Amino acid sequence: MPELFFQVQGPQGRPYEIMIRKIGKNMTATCTCSAGVDDICQHRINILSGSTQEIIGTNADDVKKVVSWIAGTDVGKAMHHMVESIKLLENAQEDFNSARKRLVKALKD
Ligand SMILES: [Zn+2]
């Protein structure tokens, strides 16, 4: 079972521990930080996105392995959905901004 562990800098010099495991099409990623319990923390997002900048320790190169595991997994599908949702949200924000400008202009003339 492929499983990797990382450490990132935590408060008062105590690192957070991140575990990432892949079994078939299921990936699991846990982090010991407070956001890691019931939400998405930036530590895992960074690693899943290929960033090594916060990693302390000597295995930052293993992040490439994690990234190679993502395609076709539940985490990969969920990440893809998040990216698509962000694009929709950005488009909706642009539409809203345009609509608002039209209303401002319409109110003036
Ligand atoms: Zn975390």
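The preceding data block contains the structure.
In this text, all values refer to a predicted model and were calculated from it rather than measured experimentally.

> Kindly report on the overall build of the protein chain, identifying the contributing residues and their values.
Each helix and strand in the protein chain was counted, giving 3 helices and 4 strands. Starting at the N terminus and walking to the C terminus, you meet the elements of the protein chain as β-β-β-α-β-α-α. Over its C-alpha atoms the protein chain spans a radius of gyration of 19 Å, topping by over 25% the 13 Å that the globule rule assigns to 109 residues. In the protein chain, buried positions account for 16% of the 109 residues. Considering only contacts in the protein chain between residues 6 or more positions apart, those separated by 24 or more positions represent 43%.

> So, the sheet that holds strand S1 (residues 3-8): which residues are in play, and what are the values?
Taken in spatial order, the 4 strands of this open sheet run S3-S2-S1-S4, and their pairing is antiparallel. For this open sheet the edge positions go to strand S3 (26-31) and strand S4 (55-56), each flanked by a neighbour on one side alone. Examined bridge by bridge, S1 and strand S2 (residues 16-23) share 6 bridges and lie antiparallel to one another. Among the inter-strand pairings, Glu-3 is bridged to a residue of S2, identified as Arg-21. Along the sheet face, helix H2 (residues 62-69) touches S1, S2 and S3 and points at about 125° away from the line of S1.

> How would you explain the pairing of S2 if you had to name every residue and give the values?
Residues of S2 alternate between two faces, with Tyr-16, Ile-18, Ile-20 and Lys-22 buried on one and Glu-17, Met-19, Arg-21 and Ile-23 left unburied on the opposite face. Taken together, S2 and the strand that follows it, S3, pair antiparallel across an intervening segment of 2 residues, in which Gly-24 is found at a positive phi of about 60°.

> I'd like to hear about the environment of Thr-32, residue by residue, with values.
Position of Thr-32 relative to the elements: it lies in the loop between S3 and helix H1 (42-48). Setting aside its immediate chain neighbours within four residues, Thr-32 contacts Tyr-16 and Glu-17.

> Quick rundown of the pairing of S1? Include the residues and the values.
Across 2 bridges, S1 lies against S4 in antiparallel orientation. The residue bridging Gln-7 from the neighbouring strand is Ile-56, located in S4.

> Tell me about the nonpolar core, and name the residues and values.
The biggest cluster of nonpolar side chains holds 14 residues, and the ones touching the most others in it are Ile-18, Ala-29 and Ile-47. Mapped onto this core, the elements with two or more residues apiece are S1, S2, S3, H1 and H2. Ignoring sequence-local partners within four residues, the contact set of Ile-47 consists of Phe-6, Ile-18, Ile-20, Val-63 and Val-66.

What counts as what
Residues numbered from 1 in each chain as written. Predicted model: local features only at pLDDT ≥ 70, side-chain atom pairs only at ≥ 80, totals over all residues. Helix = DSSP H or I, 4+ residues; strand = E, 2+ residues; numbered from the N terminus. Rg over C-alpha atoms; globule rule 2.2 N^0.38 Å. Buried ≥ 20, exposed ≤ 12 C-beta atoms within 10 Å, placed from the backbone. Contact = placed C-beta atoms within 7 Å. Pairing = 2+ DSSP bridges. Axes fitted to C-alpha atoms, helices over the stretch in contact; angles between N-to-C directions. Core = buried A, V, L, I, M, F, W, Y, C linked by C-beta atoms within 7 Å.

Nothing here speaks to function; it is all geometry.
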